[in-house]
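Examination of the molecular architecture
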Amino acid sequence: MKTHTTRKILLLLFMVVPFLSSASPRERLLMNFDWQFTFGHPHDVEKDFNMGTSYFTYLAKAGYGDGAAAADFDDRTWRTLDLPHDWAAEMEFSGDASHSHGYKKVGPGFPDTSVGWYRKTFSVSESDKGKRIFLEFDGVFRDSKVWVNGFYCGNEPSGYTGFSYDVSEYLNYGGENVVAVRVDASMEEGWFYEGAGIYRHVWMTKVNPLHVPQYGTFVTSEVDGDEATVTARVTVRNKNLGKSSFSLENRIVNAAGDVVAEGKSGVFELIPMGSDEYTFEYKVDNPHLWDLDDPHLYTLETLIHSNDQVVDKYETTFGIRTIKWDPDKGFFLNGRHVKIKGTNNHQNHAGVGTAIPDGLHEWRLKQLKDMGNNAYRTAHYPPTPALLEACDRMGMLVLNENRLMGTTDYMLEYLKRLVIRDRNHPSVVLWSIGNEEWMIENGERGAMMAQNMQAYLKTLDTTRPANAAVSGAWGAGISSVIEVMGFNYLRHGSTDEHHEKFPWQASLGTEQGSTNTTRGIYVDDQEKQYLKAYDVPTPSGFMSIQQGWQHYADRDYLAGMVIWTGFDYRGESTPFRYPSVLSYFGMFDLCGLPKDNVWYLKSWWSDEDVLHILPHWNWEGREGDALDVWVYSNHDEVELFANGTSFGRKKMEPNSHLEWKVPYKAGQLKAVAYDSGKKVDTEIVETTGESQKVRLVADRQTIDGDREDVAIVTVQVTDKKGRVVPTANRNITFEIEGPGKIIGVGNGDPTSHEPDRYIDAYKTVVFNNWKQTLATESNISQVLNPDFDVQGLKDALNNDGLEPGTEAQKTVFIGQFDLSEEELSGDINWMFRSIGDNPSLYVNGQLIEKDIAEYEKVFHLKKDYLKAGINRVVVVATPYVKENPWSVVNTEPGKLQVVIPAEPWQRKTFNGLAQVIIQSTGGAGEIKLTGNSDGLKTGELIIEVVEAEGRPAVK
Ligand code: GAL
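Each chain carries its own residue numbering, running from 1 in the written order of its sequence. For a predicted model such as this one, the threshold for reporting local features is a pLDDT of at least 70, and the threshold for listing and counting side-chain atom pairs is 80 or more; totals across whole chains, interfaces and linings nevertheless cover every residue. Derived side-chain values reflect all non-hydrogen atoms in the structure, with water molecules and hydrogen atoms excluded from consideration.

Section: the overall build of the protein chain
So the rule is basically this: Numbering goes from the N terminus for both helices and strands, where a helix is a DSSP run of H or I of at least four residues and a strand is a run of E of at least two. For the radius of gyration, the atoms used are the C-alpha atoms, and the globule rule reads 2.2 Å times the number of residues raised to 0.38. Whether two residues are in contact is decided by their heavy atoms: any pair within 4.5 Å suffices. Only the protein chains shown count as covering a residue, and every accessible area follows the Shrake-Rupley method with a 1.4 Å probe. We count Lys and Arg on the positive side and Asp and Glu on the negative side, and we leave His and both chain ends out. For charged residues, the charge sits on one atom: NZ in Lys, CZ in Arg, CG in Asp, CD in Glu.
Looking only at helices and strands, one finds 10 helices and 55 strands in the protein chain. For a compact globule of 955 residues, the expected C-alpha radius of gyration is about 30 Å, and the protein chain comes in at 32 Å, within 12% of that figure. Overall, the C-alpha framework of the protein chain stretches about 105 × 80 × 70 Å when taken along its three principal axes. Taking all contacts inside the protein chain whose residues are at least 6 apart in sequence as the whole, residues at least 24 apart take part in 72%. For the protein chain, the exposed area adds up to about 39,200 Å²; of that, 49% sits on carbon and sulfur atoms. Treating the 96 positive side-chain charges of the protein chain as one cloud and the 134 negative ones as another, the clouds have centres 1 Å apart.

Here it is as structure tokens:
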């Protein structure tokens, strides 16, 4: 009876499976979870796990990855973590480290923390055999080498360009696999913080051998009245070993899921390993245009039909929109003039460094959008795909920048990879071929290179022009040939003269700003390296934000201005050096907390009403001093009161701000705004009381339990009345419970050397000095004695195993390990791997386990029998014998993993505020975060986590 039912179910399953597999012939799995990580070394071979030292290396023979690149390398003592990961964010600061990289102990001068090894074990099912399986990396900083099961896949030097490997032949189907990635961040690519590690997503894609390759489509559109013509170029690759014939079906689906255009092709053929591009045209009536406030996205679904089956379904997200860069009138989106109000940004945030979760990218874009910012320049490298996807979804224009100018085929290939990857994003409206290339920008060589790259770009995309950001000698070199001129800083010349000289050329300010401000600081303090947040020109000659914007706002021919920068970032702590570790250029600080400039820009960039007073009004000790009080607003007039006394009503000029001098007295500043003579708004700043409580405020009350979603928490120190105390610099310790973890903390203080992350330290302690003697009944108790003298015994466990034919005998192996006091205080696990039959283990005479049956097992070692200094370890076993002379059997009985727990998560508030980033650890429930500070009332925050499947992921 039972067998019968099972059979029926199986039959049903067989009927369902072909249908299921044709419905989803392609799988894309996130490969971010549960990687093993540790440091290697750029030149000390032993510290780099002896990789590449075998007689035959991975470059000599296929599959010969050795050391940590080998399939059976034992990585169990390493730390387990999830990607994205930036190990630079976990490092301490040092005055000897790189200024560009924010003085983190990585890179030049810090070899011990400059190479990282990542390994992930995963399984691939038997049923995947015959598919093509790709590992896709969105970006690794930098110079990565990848092996799968010991097979060398390739090397990608760039820290910013994504890459992928077809590993189908290297996999064990129905078994275990391991991918090893060696990342070498010894060298820098930029002059700004770049992080270190696999700091963007990794994916596994499984497809039919006949498939659309990654980034294998290009969708463009032209809009004419009520109709759009959509052109879809689709590449198909045949990785079958025989000829394949197929037809293509395309469907254009709108955001509501309706098919608005579709078509089927005739039959095509591809030879084995062949690929070709096929072009189709579709009409879409009344297209829903992609726009800044209504970023509507279409999907092109491409189906490959072959042998009466759908063998691939590839989805391309795109938008229908028109753009125009006009030399006299600036930028147009869908025929409407849009002044570019942009910011430059690096991929860098407090706490997490460059390893920004998707939710945090979104949060950052939201801060920018709320300021009225409509454009994002990806200074100075290809951005992460997740950022562009968010820009598409949220309605943000992107000026997409190439890393390094160059015209050899090798260099052009990088430009190509950027364009091919990103040309379907409606958000991308401009390609930047380079930034401030001082060696060439003024001269003939620069002009030649720019022309060459510009022409090359046209072979990849004719729908967006080329741009270069130029900081010197406008009127010559690159600036004389580039399609869209990018002015970097008005201090370098006259845009009017340039425009007159090159009337055919569209232009914008690709960088303006580079002013230096510190959030919540209103008096320069050179000693503490804090610079006031008033918007003033810098002593080195950079204009204020207002001066810059007035220039760009006044001129129609200038498409707009892109500020250096939206957010502070690590490195480039101009005008200071160590101990300052952050840039001061941001409109927001490193946490994305607004500096006062945000309200200036919001006044003139957004449609919202703005009324904002600076500074704060806590100036004990400065009573009677005349302080500068500024108001940012877009109302017609503003009247300022201090403690009830009017300091006058002033007219607001466009793109400007208002100033008063007010003698300080504790109490209240009040700004009253008028439009057309009518009072419309009031804003108050008050002297606060003493610090009383910690308050935790999350950007969202609910997050998804998908191991990816994040909540951004602002930590505030408030007075009795709940007002943020703008001078409070208090240390707050955090505790978290429930299905969430803290992934980073920050406060925007440019000189803070507090940790961004509190991470347990993982160490590996190895056994050494192995000696051996035969185990006999009469000697066993003697040799197990920890004081047994090993002098004169034979060396052991230093080869590939006993030669074939040897008769193995029960042997006592006696070795040792050394523990420091610190290591002894940690959590110690013996990651045991067997060296023979029925092993028994002893540490300092203490039996750990007898006659172990498993090949690998973990034993937690206890303090009772461990000591600082030399400890004795004994393995009694009958050692393995090699099957063939060339075989290798295990002769290493594992290693010790020592985990030294981190201090509790903590951060000082800086001028009243700090930030905690929380991420789901999977599953539903309630996250409770508490913030404690001596003498203050504890802050408490609850975040609901809802059950969420999350993106399909490699387990
Ligand atoms: C520019 C450069 C930026 C940044 C800025 C700082 O010259 O393009 O990357 O370094 O200066 O002022």
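Some details on the site of the ligand
Where we set the bar: Any residue with at least one heavy atom within 4 Å of a molecule or strand is counted as near it. Two N or O atoms form a polar contact when they lie within 3.5 Å of each other; inside protein one atom must be a possible hydrogen donor and the other a possible acceptor, and for residues adjacent in sequence the pair counts only when both atoms belong to side chains.
Around the ligand, the structure places Trp-191, His-380, Asn-435, Glu-436, Tyr-489, Glu-511, Ser-514, Trp-564, Glu-572 and Phe-585. One of the side-chain nitrogen or oxygen atoms of Glu-511 is found 2.8 Å away from an oxygen atom of the ligand. Note that an oxygen atom of the ligand is positioned 2.6 Å from one of the side-chain N or O atoms of Glu-572. Contact with the protein chains hides 88% of the accessible area of the ligand, taken as 310 Å² for the molecule alone.

Observations regarding the sheet that holds strand β47 (residues 836-843)
Spelled out, the test is: A strand pair is defined by DSSP finding two or more bridges across the two strands.
With respect to topology, 6 strands assemble into an open sheet ordered β44-β43-β45-β50-β47-β48, the strand pairing being antiparallel. In this open sheet, the two edge strands, each paired with only one partner strand, are β44 (794-795) and β48 (846-849). Sheet topology places strand β43 (residues 768-774) next to β44; 2 bridges connect them, and they run antiparallel. By the bridge assignment, Lys-771 is partnered in β44 with Asp-795.

Examining the packing of aromatic side chains
The criterion, for reference: Two rings from Phe, Tyr or Trp (for Trp, the six-membered ring) form a pair when their centres sit within 6.5 Å of each other. Planes less than 30 degrees apart are called stacked, planes more than 60 degrees apart edge-to-face, and all others tilted. Relative accessibility under 20% of the residue-type maximum defines a buried residue, over 50% an exposed one, and the middle range a partly exposed one, all with a 1.4 Å probe and only protein chains included. Two conditions define a charge sitting above a ring: the NZ of Lys or the CZ of Arg must be within 6 Å of the ring centre, and it must be within 35 degrees of the ring normal.
Here the structure, examined in full by the defined rule, presents 49 aromatic pairs. The interplanar angle of 75° and the centroid separation of 5.6 Å between the aromatic rings of Tyr-410 and Tyr-414 together place this pair among those described as edge-to-face. With Tyr-410 and Tyr-414 both in helix α4 (residues 409-422), this residue pair falls 4 residues apart, about one helical turn. Residue Tyr-410 is classed as exposed on the basis of its relative accessible area, which comes to 52%. With centroids separated by 5.4 Å and ring planes inclined at 65°, the aromatic side chains of Tyr-758 and Trp-905 adopt a geometry described as edge-to-face. With a gap of 147 residues between them, Tyr-758 in the loop between β41 (740-746) and β42 (761-765) and Trp-905 in the loop between β51 (895-900) and β52 (906-908) connect regions that are remote in the sequence. We note that Tyr-758, like Trp-905, is buried. Above the ring of Phe-56, the side-chain terminus of Lys-61 is found at 5.3 Å from the ring centroid.

Description of the pairing of strand β31 (residues 626-633)
The element β31 is extensively covered by neighbouring structure, given that 6 of its 8 residues are classed as buried. Of the strand pairs in this sheet, strand β30 (residues 611-614) and β31 are connected by 4 bridges, and their pairing is antiparallel. By the bridge assignment, His-612 is partnered in β31 with Tyr-632. Bridge analysis of β31 against strand β34 (residues 658-663) gives 6 bridges, and the strand direction is antiparallel. If you follow Val-631 over to β34, its bridge partner there is Leu-658.

What to know about the side chain of Asn-516
Within the element layout of this structure, Asn-516 appears in the loop between β28 (506-513) and α7 (545-553). Excluding anything up to four places from it in sequence, Asn-516 contacts Leu-531, Lys-532, Thr-538, Thr-574, Pro-575, Tyr-584 and Phe-585.

Concerning the domain arrangement of the protein chain
Using the following cut-off: The start and end points of each domain follow an automatic or database-based domain assignment.
For the protein chain, the domain assignment lists domain 1 (6-25 + 211-284 + 300-318), domain 2 (27-207), domain 3 (323-605), domain 4 (619-686), domain 5 (693-759 + 903-947) and domain 6 (762-900). In this structure, domain 1 and domain 6 have C-alpha centres spaced 57 Å apart.

Details of the nonpolar core
Our working definition: Throughout this description, the term nonpolar core refers to a set of buried Ala, Val, Leu, Ile, Met, Phe, Trp, Tyr and Cys residues connected via side-chain atoms within 4.5 Å.
If you look at the biggest cluster of nonpolar residues, it comprises 76 residues, and the most contacted ones within it are Leu-365, Ile-433 and Trp-617. Of the residues that make up this core, three or more belong to each of domain 3 (323-605) and domain 4 (619-686). Judged by nonpolar contacts, the second largest core, of 48 residues, contains Tyr-118, Val-148, Ala-185 and Tyr-489.

Points about the sheet that holds strand β36 (residues 678-686)
As a reminder of what qualifies: Axis angles are defined between N-to-C directions and span 0 to 180 degrees, where every axis is a line fitted to C-alpha atoms and, for a helix, only to the segment in contact.
Taken together, the 4 strands give an open sheet; going across it, the order is β33-β32-β35-β36, and neighbouring strands pair in antiparallel fashion. The sheet terminates laterally at β33 (645-651) and β36, the two strands that pair on one side only. Here the strands of the sheet are splayed against their neighbours by 20° on average, with no regard to which way each runs.

Some words on the side chain of His-635
Mapped onto the secondary structure, His-635 falls in the loop between β31 and β32 (637-642). Side chain to side chain, His-635 and Asp-675 meet in a polar contact 2.9 Å long.

A word on helix α5 (residues 444-458)
Put simply, the rule reads: To estimate the expected span of a helix, count its residues, drop one, and scale the result by 1.5 Å. By definition, the arc is the one covered by directions from the helix axis to the C-beta atoms.
The end-to-end C-alpha distance of α5, which contains 15 residues, comes to 21 Å, matching closely the 21 Å that a straight helix rising 1.5 Å per residue would cover. The set of residues buried in α5 consists of Gly-446, Ala-447, Met-449, Ala-450, Met-453, Gln-454 and Leu-457. The arc that holds the buried residues of α5, viewed along the axis, is 165°, so those residues lie on one side. Turned more than 90 degrees away from the buried face of α5 sit Glu-444 and Arg-445, all of them exposed. As for α5, its buried residues are in contact with α4, β25 (428-435) and β26 (466-470).

Comments concerning the environment of Tyr-173
Residue position: Tyr-173 is located in the loop between β8 (163-166) and β9 (175-184). Tyr-173 gets classed as buried once you look at its relative accessible area, which sits at 15%. Tyr-173 sits 44 residues away from Lys-129 along the chain, and the two C-alpha atoms are 6.1 Å apart.

Some thoughts on α4
The terminal C-alpha atoms of α4 lie 20 Å apart, and with 14 residues this matches the ideal 20 Å at 1.5 Å per residue to within 8%. Three or more residues of α4 are buried, namely Met-411, Leu-412, Tyr-414, Leu-415, Leu-418, Val-419, Arg-421 and Asp-422. Considering only its buried residues, α4 is in contact with β7 (151-156), α3 (385-394), β24 (397-401), β25 and α5.

A short note on the packing of α4 against α5
Any two packed helices are characterised by the angle at which their axes cross and by the distance between the axes. How we decide: Roughly parallel covers angles under 35 degrees, roughly antiparallel covers those over 145, roughly perpendicular covers 65 to 115, and oblique covers all other angles. A clockwise turn of the near helix away from the far one marks a right-handed crossing, whereas an anticlockwise turn of less than a right angle marks a left-handed crossing. Basically, the charged four are Asp, Glu, Lys and Arg, the nonpolar ten are Ala, Val, Leu, Ile, Met, Phe, Trp, Tyr, Cys and Pro, and anything else, Gly included, counts as polar.
One can describe the packing of α4 onto α5 by two numbers: an axis separation of 11 Å at closest approach and a directional angle of 40°. Relative to α5, α4 is oriented oblique. Considering how the two elements wind past one another, α4 and α5 form a crossing that is right-handed. Residues Leu-412, Leu-415, Lys-416 and Val-419 of α4 form the contact with α5, whose participating residues are Asn-452, Met-453, Tyr-456 and Leu-457. Of the residues that constitute the contact of α4 with α5, the class distribution is 6 nonpolar, 1 polar and 1 charged.

Description of the environment of Asn-884
Turning to its location among the elements, Asn-884 is positioned in the loop between β50 (869-879) and β51. A C-alpha to C-alpha distance of 5.9 Å links Asn-884 and Pro-804, two positions 80 residues apart in sequence.

Focus: the pattern of salt bridges
For clarity, the cut-off: Salt bridges are identified by distance alone: a Lys or Arg side-chain nitrogen within 4 Å of an Asp or Glu carboxyl oxygen.
One pass over the full model with this rule turns up 61 salt bridges. Residue Glu-401 is joined to Arg-377 by a salt bridge in which the shortest nitrogen-to-oxygen separation is 2.7 Å. Taken together, the positions of Glu-401 in strand β24 and Arg-377 in strand β23 (residues 375-377) put the pair 24 residues apart, joining distant regions of the chain. Assigned by exposure class, Glu-401 and Arg-377 land together as buried. The salt bridge partner of Arg-555 is Asp-496, with a shortest N-O separation of 2.8 Å. With Arg-555 in the loop between α7 and β29 (558-564) and Asp-496 in helix α6 (residues 495-501), the pair connects residues that are 59 residues apart, well separated along the chain. The class of Asp-496 is partly exposed, set by a relative accessible area of 33%. Among the charged side chains, a network of salt bridges with common partners joins Glu-27, Asp-128, Lys-131 and Lys-206.

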